Amino acid sequence: IYDGEGTTWYNLGVCYMNLGQPDQARNAFQKAIDMGKQVGSAANNIGVIFFQRNNFPEAARYFLQATEAEPQNANHKANLGLALENSGRLKEAIPLYQEALRLDPNQVLAKQQLGRLGY
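Residues numbered from 1 in each chain as written. Predicted model: local features only at pLDDT ≥ 70, side-chain atom pairs only at ≥ 80, totals over all residues. Heavy atoms only, no water.

1. Quick word on the nonpolar core
Heads up, the condition is: We define the nonpolar core as a collection of buried residues of types Ala, Val, Leu, Ile, Met, Phe, Trp, Tyr and Cys that are connected through side-chain atoms lying within 4.5 Å of one another. Buried, partly exposed and exposed residues are distinguished by accessible area as a fraction of the type maximum, computed with a 1.4 Å probe on protein chains only: under 20%, between the cut-offs, and over 50%, respectively. Here a helix means four or more residues in a row that DSSP labels H or I, a strand means two or more in a row labelled E, and each is numbered from the N terminus. Working rule for contacts: check all heavy atoms of both residues, and any pair within 4.5 Å makes them a contact.
Judged by nonpolar contacts, the single largest core of 31 residues is most densely connected at F29, I46, L80, L84 and Y97. Counting residues per element, the ones that place at least two in this core are α1 (6–18), α2 (22–34), α3 (39–52), α4 (56–69), α5 (74–86), α6 (90–103) and α7 (108–117). Residue contributions to this core peak at six residues, all from α5. Once residues lying within four places of it in the same chain are set aside, the contact partners of Y97 are A78, G81, L82, E85, A110, Q113, L114 and L117.

Right under this line is the structure:
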């Protein structure tokens, strides 16, 4: 791997994710972020790793970073909402689900969560 190319680190992270090696994936994604490449997607993927480990506050931190890097990405907003909801911060989650649906009316996670919550 060429150590100086952030996109390569991102792609390596995707490979590690697909191989079921989340710790190696997280390290590769973090290198991509540090190099300013694929920041939204890399941060989102790290958030997924933490979410799968039920570390919702840390997942929310990375989903927020993804949302800040790509503010028009409905998936990042819905993921952030879910992590906040699972952290006991429902009042902060609902507007994120609503915003995700505004950005993408077909965003499935936001639809499911708002429907489950009676919105």
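2. Structural notes on the packing of aromatic side chains
To keep it simple, the criterion reads: What counts as a ring pair is set by centres within 6.5 Å for rings of Phe, Tyr and Trp (its six-membered ring), and what kind of pair is set by the plane angle: stacked under 30 degrees, edge-to-face over 60, tilted for all other angles.
Enumeration over the complete set of coordinates arrives at three aromatic pairs. Between Y10 and F29 the ring centres are 5.4 Å apart and the planes differ by 50°, which places this aromatic pair in the tilted class. A residue pair is termed long-range when its members are at least 10 positions apart, and Y10 in helix α1 and F29 in helix α2 qualify at 19 residues. Residue F29 is classed as buried on the basis of its relative accessible area of 0%. Centroid distance F50 to Y62: 5.7 Å. Interplanar angle 10°. Geometry classified as stacked. A residue pair is termed long-range when its members are at least 10 positions apart, and F50 in helix α3 and Y62 in helix α4 qualify at 12 residues. The class of F50 is buried, set by a relative accessible area of 13%.

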